[in-house]
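# Structural overview
The lines below spell out each chain.
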Amino acid sequence: MPTTTLPPLAGGTTGPAALRPLLDTVLTALHEGATLRDGPLPAGGPDTVAPRTRAAAHPLIPDHGTGPHHALATLVTALAAGAADPAHPHCTAHLHTPPLALAAAADLAASALNPSMDSWDQAPAASALEADLTTTLAAEIYPHTPSPDAVITTGGTEANQLALLLARERHGPVQTICGANAHHSIARAAWLLGLPTPITLPTPHGTLDPTALTNALTEHPRPHLVIATAGTTDTGAIDPLDTIADLCTTHGAELHIDAAYGGPLLLSPTHRTLLHGLHRAHSVTLDLHKLGWQPASAGLLAVPDHHHLTPLHHHAPYLNAGDDTEAGLPDLLGRSLRTTRRPDALKIAVTLHALGRDGLADLIDRTITTAHHLADLITTTPGLDLYQRPTISTVLFRPTGATDHTVATIRRTLLNRGHAVLGRTHTAGRLWFKATLLNPHTTPQDLRTLLDLVTHATTELLTPTTHPTESDTPR
């Protein structure tokens, strides 16, 4: 029988030595892939990227393995070459953050150690770190309550679902009321939980209208769960939180605030006033893989009192036996609807520890300043219209007089050429380009170049003798 060498493991005292040469290979491949891509995303669109990626990975399960360095070099290079890179200043379509290098490094440690956050005996130190992190972040949102708490989630969608679940467990089949600006996960969560279809109020000005909310609270039977948004995905708008909280108090409704985007503004002395009234919510969604520069995932659901999380408690004898809990082993199973889950608290804790309040505030303030600079450039660029001044870091604009079809075509042209990743959103009766700025390293020249790319593509498209293709305009 032939002898085989067992592949090394990432943990233990020998794990770091095994990882080091592999990391060199990975880092080289990341660099080479980014160099091959040479832009915010690969040129050519899906018809080019998919076959090239599949060719690099074929066969996915060979009869005889290619070895760790070859496999890493081949597939990581292919993935990097075919990536939409949020670290590129022209990759601005979504709430898709460029993660900090230190957070990514912490995530490597989490992967190597591989704690599973469903029982203490799988995550002794990680469970203690998570407990401290969640209570610390909850106290940022609820500074005046004695025992605030939070649970780690995969992001805003899971956090919003948990918020509706907890409200249902307190009050039965609550009637959710939200604005048309609310995240799509609210309607999906109501469906998953068997709750009534949300009452969705028009938001013609981008935020939840207090008069419309008053009418809805008056006309529809209780119990009510009002959803407010602090940072919409379309425009970054923030609902009038204090006014909405007043109405909820008057009508005996509960309030959940989806602050997945805007929540980190709490850490900025300059911008935290935008969230005035956040602490009055019965639950708050926070998502640090947006304006917190964390690798996904890094979401949280915060509540003003840890007892509000009691409905999540679950018993599985092999994970949280009663006598173990009585003997002092922490019960982790009620900290999530998931069983196995990663120690996402580590990268968040490392970032907070390394940068501190002032460091994170600086990143937030720089990013918002960049968004305002882009808005200024748009207003002074002939042929471009600005939707409105940014509330956080989302900027909407469009070519003057262009049809919605033209806007959509320009966006796809820039995507296919690999020049820029701009989002799209329909508001105020028209389609707009959406630039969601999350890269604090973006320079004024980067922004000028982005607008030049848009105006150049617009001119090409609207000039009758020009027929732009994805291969036009050298990179």
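What you are looking at is a predicted structure, and each value in this text was computed from that prediction instead of being measured. (Residues numbered from 1 in each chain as written. Predicted model: local features only at pLDDT ≥ 70, side-chain atom pairs only at ≥ 80, totals over all residues. Heavy atoms only, no water.)

### Side note on helix H4 (residues 101-113)
With 13 residues, H4 should cover 18 Å at 1.5 Å per step; its first-to-last C-alpha distance of 19 Å lies within 8% of that length. Considered for burial, the residues of H4 that qualify are Ala103, Ala106, Asp107, Ala110 and Ala112. The inward-facing, buried residues of H4 contact helix H1 (15-37) and helix H12 (345-379). Within two residues after H4, Asn114 carries a phi angle of roughly 55°, on the positive side. (Helix = DSSP H or I, 4+ residues; strand = E, 2+ residues; numbered from the N terminus. Expected span 1.5 Å × (residues − 1). Buried < 20%, exposed > 50% of the residue type's maximum accessible area, 1.4 Å probe, protein only. Contact = heavy atoms within 4.5 Å.)

### Focus: the packing of aromatic side chains
This structure, assessed with the given rule, holds two aromatic pairs. Aromatic pair Tyr387 and Trp432: ring centres 5.3 Å apart, planes at 65°, arrangement edge-to-face. One end of the pair, Tyr387, is in the loop between strand E8 (384-386) and strand E9 (394-399); the other, Trp432, is in strand E11 (residues 430-436), and 45 residues separate them in sequence. Ring geometry for Phe397 and Phe433: centres 5.4 Å apart, planes at 50°, overall tilted. With Phe397 in strand E9 and Phe433 in strand E11, this pair connects stretches of sequence that are 36 residues apart. The same class applies to Phe397 and to Phe433, which are both buried. Sitting over the ring of Trp432, Arg398 keeps its end group 5.6 Å from the ring centre. (Phe/Tyr/Trp six-rings, centres within 6.5 Å; stacked < 30°, edge-to-face > 60°. Lys NZ or Arg CZ within 6 Å of the ring centre and 35° of its normal.)

### Here's the deal with the side chain of Gln294
Looking at the element boundaries, Gln294 is found in the loop between strand E6 (283-287) and strand E7 (299-303). Among the polar contacts listed, one links the side chain of Gln294 to the backbone oxygen of Gly292, at a separation of 3.2 Å. Those residues in contact with Gln294 that lie beyond four places of it in its chain are Thr97, Pro99, Ala103, Leu288, His289, Lys347, Ile348 and Thr351. (Polar contact = N/O pair within 3.5 Å; in protein donor to acceptor, adjacent residues only side chain to side chain.)

### Things to note about the sheet that holds strand E2 (residues 175-179)
Strand order in the open sheet formed by seven strands is E1-E7-E6-E5-E4-E2-E3, with mixed pairing between adjacent strands. In this open sheet, the two strands that pair with only one neighbour each are strand E1 (149-153) and strand E3 (199-201). Ignoring which end each strand starts from, the neighbouring axes of this sheet average 20° apart. Judged from the four bridges that link them, E2 and strand E4 (residues 224-229) form a sheet pairing that is parallel. Looking across to E4, one finds that Gln175 is bridged to His224. (Pairing = 2+ DSSP bridges. Axes fitted to C-alpha atoms, helices over the stretch in contact; angles between N-to-C directions.)

### What to know about the sheet that holds E9
The strands making up a sheet are joined through hydrogen bonds of the backbone, oriented either antiparallel or parallel. In spatial order, the strands read E8-E9-E11-E10; together these four strands make up an open sheet with antiparallel pairing. Looking at strand neighbours, the two that pair on one side only are E8 and strand E10 (423-427), the edges of this open sheet. The sheet shows a mean angle of 40° between the axes of neighbouring strands, taken without regard to direction. Taken together, the five bridges between E10 and E11 define a ladder with antiparallel strand orientation. From the neighbouring strand, His426 faces E11, where its bridge partner is Leu431. Each of E9, E10 and E11 touches helix H13 (residues 404-417); the most contacted strand, E11, lies at about 30° to it.

### Points about the environment of Tyr387
Sequence-wise, Tyr387 and Ala428 are 41 residues apart; in three dimensions their C-alpha atoms are separated by 8.7 Å. Setting aside residues up to four positions removed in sequence, Tyr387 forms contacts with Thr235, Leu396, Thr427, Ala428 and Trp432.

### Here's the deal with the nonpolar core
The biggest cluster of nonpolar side chains holds 55 residues, and the ones touching the most others in it are Leu213, Val226, Leu255, Ile257 and Leu278. It is H12 that provides the largest number of residues to this core, a total of seven residues. Not counting the four nearest positions on each side in its chain, Ile257 is found in contact with Ala228, Ala230, Leu241, Gly277, Leu278, Ala281, Ser283, Val284 and Thr285. Among the nonpolar cores identified, the runner-up in size contains 24 residues, and Leu374, Ala408, Ala435 and Leu437 belong to it. (Core = buried A, V, L, I, M, F, W, Y, C linked by side-chain atoms within 4.5 Å.)

### Observations concerning the side chain of Asp258
Within the secondary structure, Asp258 sits in strand E5 (residues 254-259). Despite its burial, Asp258 pairs with no opposite charge, the nearest such side chain being Lys290 at 7.4 Å. At 3.1 Å, the side chain of Asp258 forms a polar contact with the backbone nitrogen of Ala260. For Asp258, the contacting residues outside a window of four places in its chain are Asn160, His183, Ala228, Thr229, Ala230 and Thr285. (Lys, Arg positive; Asp, Glu negative; His and termini not counted. Salt bridge = Lys/Arg side-chain N within 4 Å of Asp/Glu carboxyl O.)

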